[in-house]
Amino acid sequence: MSGAVTPGASGRPLRVALLGSGGSIGRQAVDVISRHPEAFRVVALATGSQAQLLEEQARQLRPAVVSLADEHAAKRLDLPAGTRLAAGANVLESLVTRPDVDLVLVATGGLVALRSVLAALDAGKIVATANKETLVAGGHLVMPLARRLAAGAAGATRDPGHPLATPLGWLRPIDSEHSAIWQCLVGERPGSVARLLLTASGGPFLHAAVADLATVTPERALRHPTWRMGAKITIDSATMANKGLEIIEARWLYDVPLSAISVVIHPQSVVHSAVQFVDGSVKAQLGTPDMRIPIQYALTYPERRPSPAATVDLVASERLEFFAPDEERFPALRIAREAGLAGPRASAALISADEVAVGRFLNGSLDFPGIPRLLAAAVERFGSGAPREPSLDEIVVLDAEVRAFAEVFR
Ligand SMILES: NC(=O)c1ccc[n+]([C@@H]2O[C@H](COP(=O)([O-])OP(=O)(O)OC[C@H]3O[C@@H](n4cnc5c(N)ncnc54)[C@H](OP(=O)(O)O)[C@@H]3O)[C@@H](O)[C@H]2O)c1
């Protein structure tokens, strides 16, 4: 079992491996970590192509090891003394399974980190993930490992209330909606949950006429009304495929049926999600749209620490609106729910198709309504095949097949 549960609990900082340090979540994670040097120490950093940023992060955080997926740029890295470069086909797995890592923070997009998340959990590391694709495609592989670790912690501590005696202690969500639900569930019994209420801003086209969506440009779709995020998730928010993926993510994290998960449009993005209990009570988590709050909670759970994020001012929030989503305007929501019902193979096909669809929309080879059309076609073509619950290697093969299909889809 991991030595440190919470920062400082074992008398030393929580030792972190950060995957995707150059991205939107990765840079905010660096900000959170560097504000609490007594609580966290970065042991390993990995990013894709941003060599200069990785050098700066290495000088700031002094990790033992870094990796850069762009091998050409990696050769020219100028690293501080004490930081070495790791490379090779399985480099992310080698970073996350190091004996001196307590917690792996996953801030990469797509399926890049699925293999290393499984390796990390298998090695008894805590995983805090912003990445939802890992769970959408591989929830059936990831969650049994988290449950096994939780059972081991419950046995070792003889304390069923121990923070690590729950799968969420080992697989910690950072997605703001899932962090909100997690925070609402702390101290509650699983049997008392009636429904999860996932809030969604509705993105930039909440009130657009369906006919106008055909002329949406990448520039307009990238203008999210409340959140500043990476390009892929911003487009996913505009189509609401993101919320569809989050339904499937929630199903795995909280072990509830898809039919017990509702999406509620809430344009102000103040209520990050809520849980309805069997007695009729609803608990919600509120906050400013600042990902540093859920990133920090995943690092400090079950404790809280001061944060630079602004606090919600309820009096100044003139009104908070809630309404049902329009699935005619946002068919990706329905397609994702159906993929979730069809099973992990269909969800994995959805993830791969969506990555290509968003890339093609951004490069101008697919129009905005083409994104849900491509998703529906990919789920129909690949989702009902065998096996329904693919292994990691089968997910990799499926990913290549779906991508090849999606690249030429018209
Ligand atoms: N942004 C948000 O506010 C937000 C909120 C909730 C959930 N999420 C989820 O969090 C994940 C990350 O989102 P993001 O918006 O932060 O994406 P992003 O800005 O695109 O960042 C992804 C990072 O992954 C890095 N990367 C790519 N390939 C890699 C590899 N082989 N090894 C190591 N790093 C690699 C990229 O490196 P380079 O930049 O160096 O090429 C990039 O920095 C997504 O799954 C998203 O759905 C994001």
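Going by the structure above, here's the rest.
Definitions and cut-offs
- Residues numbered from 1 in each chain as written.
- Predicted model: local features only at pLDDT ≥ 70, side-chain atom pairs only at ≥ 80, totals over all residues.
- Heavy atoms only, no water.
- Helix = DSSP H or I, 4+ residues; strand = E, 2+ residues; numbered from the N terminus.
- Buried < 20%, exposed > 50% of the residue type's maximum accessible area, 1.4 Å probe, protein only.
- Contact = heavy atoms within 4.5 Å.
- Axes fitted to C-alpha atoms, helices over the stretch in contact; angles between N-to-C directions.
- Parallel < 35°, antiparallel > 145°, perpendicular 65-115°, else oblique.
- 1 Å grid on protein atoms, 1.4 Å probe; cavity = no way out; pocket = protein on both sides within 12 Å on 5 of 7 lines; lining within 4 Å.
- Points joined across faces, edges and corners; volume = space filled by probe spheres on them.
- Nonpolar A, V, L, I, M, F, W, Y, C, P; charged D, E, K, R; others polar.
- Phe/Tyr/Trp six-rings, centres within 6.5 Å; stacked < 30°, edge-to-face > 60°.
- Lys NZ or Arg CZ within 6 Å of the ring centre and 35° of its normal.
- Pairing = 2+ DSSP bridges.
- Left-handed = near helix turned anticlockwise from the far one by under 90°.

Comments concerning the environment of T134
For step 1, the next point in the chain: With respect to the helices and strands, T134 occurs in helix 6 (residues 133–157).
For step 2, the next point in the chain: Owing to a relative accessible area of 2%, T134 belongs among the buried residues under this scheme.
For step 3, the next point in the chain: In this structure the C-alpha to C-alpha distance between T134 and V106, which are 28 residues apart in sequence, comes to 9.6 Å.
For step 4, the next point in the chain: Residues contacting T134, with those up to four places away along its chain left out, are G110, L111, A113, L114, V117, G139 and V142.

What about the packing of helix 10 (residues 231–239) against helix 14 (residues 344–362)?
For step 1, the next point in the chain: Contact pair helix 10 / helix 14: the axes reach a minimum separation of 10 Å and the direction vectors enclose 95°. One way to sum up the angle between helix 10 and helix 14 is to call them roughly perpendicular. On helix 14, the residues that touch A231, K232, I235 and D236 of helix 10 are D354, E355, V358, F361 and L362.

A word on the layout of surface pockets
Summary: where empty space remains is shown by rolling a probe the size of a single water molecule over the atoms.
For step 1, the next point in the chain: The computed volume of the largest pocket comes to approximately 790 Å³.
For step 2, the next point in the chain: The wall of the largest pocket is formed by 42 residues, among which K132, M229, G230, K232 and I233 lie closest to the centre.
For step 3, the next point in the chain: Listing elements by their share of the lining of the largest pocket, those giving two or more residues are helix 1 (24–34), helix 8 (176–185), strand 8 (193–200), helix 10, helix 11 (241–254) and strand 10 (271–277).
For step 4, the next point in the chain: Per-element tally for the lining of the largest pocket: the top contributor is helix 10, with five residues.
For step 5, the next point in the chain: In the lining of the largest pocket, the residues fall into twelve nonpolar, 20 polar and ten charged.
For step 6, the next point in the chain: Of the voids in this model, the second largest pocket is the one considered here, and its volume is about 660 Å³.
For step 7, the next point in the chain: Secondary structure elements with two or more residues in the lining of the second largest pocket: helix 6, helix 7 (167–170), helix 8, strand 8 and helix 11.
For step 8, the next point in the chain: Of the residues in the lining of the second largest pocket, the class split is 18 nonpolar, four polar and four charged.

Quick word on the side chain of H36
For step 1, the next point in the chain: Tracing the backbone through its elements, the reader meets H36 in the loop between helix 1 and strand 2 (40–47).
For step 2, the next point in the chain: Ignoring any residue separated from it by four or fewer positions in sequence, one finds H36 in contact with Q296, R305 and P306.

Some details on the packing of aromatic side chains
For step 1, the next point in the chain: Tallied over the full model, the rule gives seven aromatic pairs.
For step 2, the next point in the chain: Residues W182 and Y297 carry aromatic rings whose centres are separated by 4.9 Å and whose planes lie at 70° to one another, so their mutual orientation is edge-to-face. Of this pair, W182 sits in helix 8 while Y297 is found in helix 12 (residues 292–300), placing the two residues 115 residues apart along the sequence.
For step 3, the next point in the chain: When the centroid spacing of 4.7 Å and the interplanar angle of 40° are considered together, the rings of W182 and Y301 count as tilted. Of this pair, W182 sits in helix 8 while Y301 is found in the loop between helix 12 and helix 13 (331–342), placing the two residues 119 residues apart along the sequence.
For step 4, the next point in the chain: Ring-pair connections join several aromatic residues into one group, and the members of that group are W182, Y297 and Y301.
For step 5, the next point in the chain: Here R251 stacks its cationic end above the ring of W252, 3.7 Å away from the centre of that ring.

Quick look at the sheet that holds strand 10
For step 1, the next point in the chain: Reading across from one edge, 9-8-10-11 is the order of the four strands in this open sheet, with mixed pairing throughout. Each having just a single partner strand, strand 9 (261–265) and strand 11 (282–286) make up the two edges of the open sheet. Averaged over all pairs of adjacent strands, the angle between their axes in this sheet comes to 20°, without regard to strand direction.
For step 2, the next point in the chain: Bridge analysis of strand 8 against strand 10 gives four bridges, and the strand direction is antiparallel. Considered in strand 10, the bridge of L196 is made with V275.
For step 3, the next point in the chain: Sitting on the sheet, helix 11 touches strand 8 and strand 9, and the angle it makes with strand 8 is about 150°.

Focus on the pairing of strand 11
For step 1, the next point in the chain: Here strand 10 runs beside strand 11; their pairing, made up of five bridges, is antiparallel. Bridged to Q276 within strand 11 is V282.
For step 2, the next point in the chain: Between the antiparallel neighbours strand 10 and strand 11 lie four residues, among them G280 with a positive phi of about 95°.

Here we look at the packing of helix 11 against helix 13
For step 1, the next point in the chain: Following both chains from N to C, one finds helix 11 and helix 13 inclined at 25°, their axes separated by 7 Å at the closest point. Of the possible angle classes, the one that applies to helix 11 and helix 13 is roughly parallel. For the pair helix 11 and helix 13, the sense of crossing is right-handed. Taking contact as the criterion, the partners of A241, K243, G244, L245, I247 and I248 in helix 11 are, on helix 13, A332, L333, A336, R337 and G340.
For step 2, the next point in the chain: Here the contact of helix 11 with helix 13 is built from residues that sort into seven nonpolar, two polar and two charged.

Some details on empty space enclosed by the protein
For step 1, the next point in the chain: Evaluated as defined, the whole model comprises one cavity of 30 Å³ or more.
For step 2, the next point in the chain: Roughly 60 Å³ of volume is contained in the largest cavity.
For step 3, the next point in the chain: Lining the largest cavity, in full, are S176, S179, A180, Q183, W227, H272, Q285, T288, D290, I293 and P294.
For step 4, the next point in the chain: Only helix 8 and helix 12 provide two or more residues apiece to the lining of the largest cavity.

Nothing here speaks to function; it is geometry throughout.
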